[in-house]
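Structural overview for review
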Amino acid sequence: MKMTLNRLSVLVAAGILSVILVSLSILYFQNRSELVSVPKTSKTPQKTEITEKKKTPRPKLTPEEKEQKLLEREAKRTGQDTEKLREAEQNPTNQIQREMEHVAEIAPEEAMSDLVGKKRRLEKMGTEKVEEISDFIGKKMNLESTRETEVQQTVTPDKFDADTAQIADCRREETEDGKFRYMAQLVDAQGNAMEVELHGTEAEQTWRTMKMVKSSPLMEALYRGSVMPLLDRKMKEEKKEETEGDVVTKTEIKTEKNVEKNVEKETETKMEEKTENNGI
């Protein structure tokens, strides 16, 4: 349970940031035709007594070149390269996976700084657009989740399904010695809730992440609608890989033991034959 919690803590921040990044990319591509076609308004130059040198006119850009310029500008704004930005709409699954791996590798402070910036961008999108993109990502990734994302009732640990646990909220309280204690509220697929204490460096990061989620209705909608189903799948895949790895390890151990037994048996047989030959 402790290992699962630590892994969940890392994945929460990574999952939220990666989904927001991909959402921003998809938003750009959905609006790119409008961006390219919007004509620039030119101001009528005022007459001046000073004679200015004629400026060399800039070469006219083709629609493709205009889009490339906008693409580069958007990539810089969202902190991505142009290739990743192009891929986000066509294949959000791989893009989100790569972003999650990247966020898991960087320092927690850097990840939180990125998240703050992306939150501001997200809130400019509006509720309707966030829901639209969340549905788009869900369909593209086949995220058909029937789990409860909101707490329905608090239960005792023996009635809680730890295999489907997700972090619903996190609070911080100060102890008598002036230190902080972090308590995570978990929710399982049936909506059952229980509270556990978080430890290590992930504890504060989880608290800060969930505090940010709770402060933004759009981010919370994205978290419960896209990130939680995504983390469900991620945890299942990791558990499957872990189980398959255990099976392989047990098989290898069993094979080694069988080899050892065969060697011992062959050695015993040779010793018996040698003893019989010596007795003749």
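Parameters at a glance
Residues numbered from 1 in each chain as written. Predicted model: local features only at pLDDT ≥ 70, side-chain atom pairs only at ≥ 80, totals over all residues. Heavy atoms only, no water. Helix = DSSP H or I, 4+ residues; strand = E, 2+ residues; numbered from the N terminus. Buried < 20%, exposed > 50% of the residue type's maximum accessible area, 1.4 Å probe, protein only. Contact = heavy atoms within 4.5 Å. Polar contact = N/O pair within 3.5 Å; in protein donor to acceptor, adjacent residues only side chain to side chain. Core = buried A, V, L, I, M, F, W, Y, C linked by side-chain atoms within 4.5 Å. Phe/Tyr/Trp six-rings, centres within 6.5 Å; stacked < 30°, edge-to-face > 60°. Lys NZ or Arg CZ within 6 Å of the ring centre and 35° of its normal. Pairing = 2+ DSSP bridges. Salt bridge = Lys/Arg side-chain N within 4 Å of Asp/Glu carboxyl O. Expected span 1.5 Å × (residues − 1). Axes fitted to C-alpha atoms, helices over the stretch in contact; angles between N-to-C directions. Parallel < 35°, antiparallel > 145°, perpendicular 65-115°, else oblique. Nonpolar A, V, L, I, M, F, W, Y, C, P; charged D, E, K, R; others polar.

**Some remarks on the overall build of the protein chain**
Each helix and strand in the protein chain was counted, giving 8 helices and 4 strands. Helices and strands appear in the protein chain in the N-to-C order α-α-α-α-α-α-β-β-β-β-α-α. For the protein chain, buried positions account for 36% of its 280 residues. In the protein chain, once contacts between residues fewer than 6 apart in sequence are set aside, the share between residues at least 24 apart is 73%.

**A few points about the side chain of Asp232**
Its place among the elements puts Asp232 in helix H8 (residues 217-279). With a relative accessible area of 15%, Asp232 lands in the buried category. A distance of 3.1 Å separates the side chain of Asp232 from the side chain of Gln166, its partner in a polar contact. Setting aside anything within four residues of it in sequence, one finds Asp232 in contact with Ser145, Arg147, Thr164 and Gln166.

**Considering the nonpolar core**
Membership of the largest hydrophobic core comes to 55 residues, with the highest contact counts inside it found for Ile16 and Tyr223. In terms of residue count, the dominant contributor to this core is helix H1 (residues 2-37) (13 residues). Excluding its chain neighbours within four sequence positions, the residues that come into contact with Ile16 are Leu115, Thr209, Val213, Met219, Tyr223 and Val227. Counting 6 residues, the second largest nonpolar core, distinct from the first, contains Tyr28, Phe29, Ala75 and Leu85.

**Some words on the packing of aromatic side chains**
One pass over the full model with this rule turns up 1 aromatic pair. In this structure, Arg172 is placed above the aromatic ring of Phe180, and the distance from its NZ or CZ to the ring centre is 3.8 Å. Just above the ring of Trp207 sits the side chain of Arg172; from NZ or CZ to the centre is 4.0 Å.

**Points about the sheet that holds strand S4 (residues 192-198)**
Spatially, S1-S4-S3-S2 is the arrangement adopted by the 4 strands of the open sheet, whose pairing is mixed. Every interior strand has two partners, whereas the edge strands, strand S1 (153-154) and strand S2 (166-174), have only one. In this sheet, S4 lies alongside S1 in parallel orientation, the contact comprising 2 bridges. Among the inter-strand pairings, Gln153 is bridged to a residue of S4, identified as Asn192.

**Brief notes about the pattern of salt bridges**
A complete count under the given rule lists 11 salt bridges for this structure. For Glu220, the salt bridge is made with Arg224, and the minimal N-O distance between the two is 3.1 Å. Here Glu220 and its partner Arg224 are both found in helix H8, 4 residues apart, which amounts to about one turn of the helix. Of the two residues, Glu220 and Arg224, both sit in the buried class.

**Some words on the pairing of S4**
Here S4 lies mainly inside the structure; 5 of its 7 residues are buried. Strand direction decides the pairing type here: strand S3 (residues 180-187) and S4, joined by 6 bridges, are antiparallel. Bridge pairing in S4 links Met183 to Glu197. In this structure, the hairpin formed by S3 and S4 is closed by a connection of 4 residues, where Gly191 is found at a positive phi of approximately 90 degrees.

**With respect to helix H6 (residues 127-140)**
Over its 14 residues, H6 extends 20 Å from the first C-alpha to the last, a length consistent with the 20 Å expected when each residue adds 1.5 Å. Those residues of H6 that sit buried are Lys129, Val130, Ile133, Ser134, Ile137 and Gly138. Looking one or two places after H6, you find Asn142, whose phi comes out positive at around 55 degrees.

**Digging into the environment of Glu173**
Take Glu173: it is sitting in strand S2. The exposure class of Glu173 is partly exposed, given its relative accessible area of 25%. With 10 residues separating them along the chain, Glu173 and Met183 place their C-alpha atoms 8.0 Å apart. Those residues in contact with Glu173 that sit more than four places away from it in its chain are Lys179, Phe180, Arg181 and Met183. Here Arg171 takes part through its side chain, which lies 2.4 Å from a polar atom of the side chain of Glu173.

**Looking at the packing of helix H5 (residues 108-123) against helix H7 (residues 201-215)**
Direction vectors running N to C along H5 and H7 enclose 5 degrees, while the axes themselves pass 11 Å from each other. Taken together, the axis directions place H5 and H7 in an arrangement best described as roughly parallel. On H7, the residues that touch Pro108, Glu109, Ala111, Met112, Leu115, Val116 and Lys119 of H5 are Gln205, Arg208, Thr209, Met212 and Ser215. Per-class residue counts for the contact of H5 with H7 are 6 nonpolar, 3 polar and 3 charged.

**Thoughts on the pairing of S3**
The side chains of a regular strand alternate, residue by residue, between the two faces of the sheet. Bridge analysis of S2 against S3 gives 8 bridges, and the strand direction is antiparallel. Note on S3: the bridge partner recorded for Gln166 is Val187. Count of turn residues in the S2/S3 antiparallel hairpin: 5 residues, of which Gly178 carries a positive phi of about 85 degrees.

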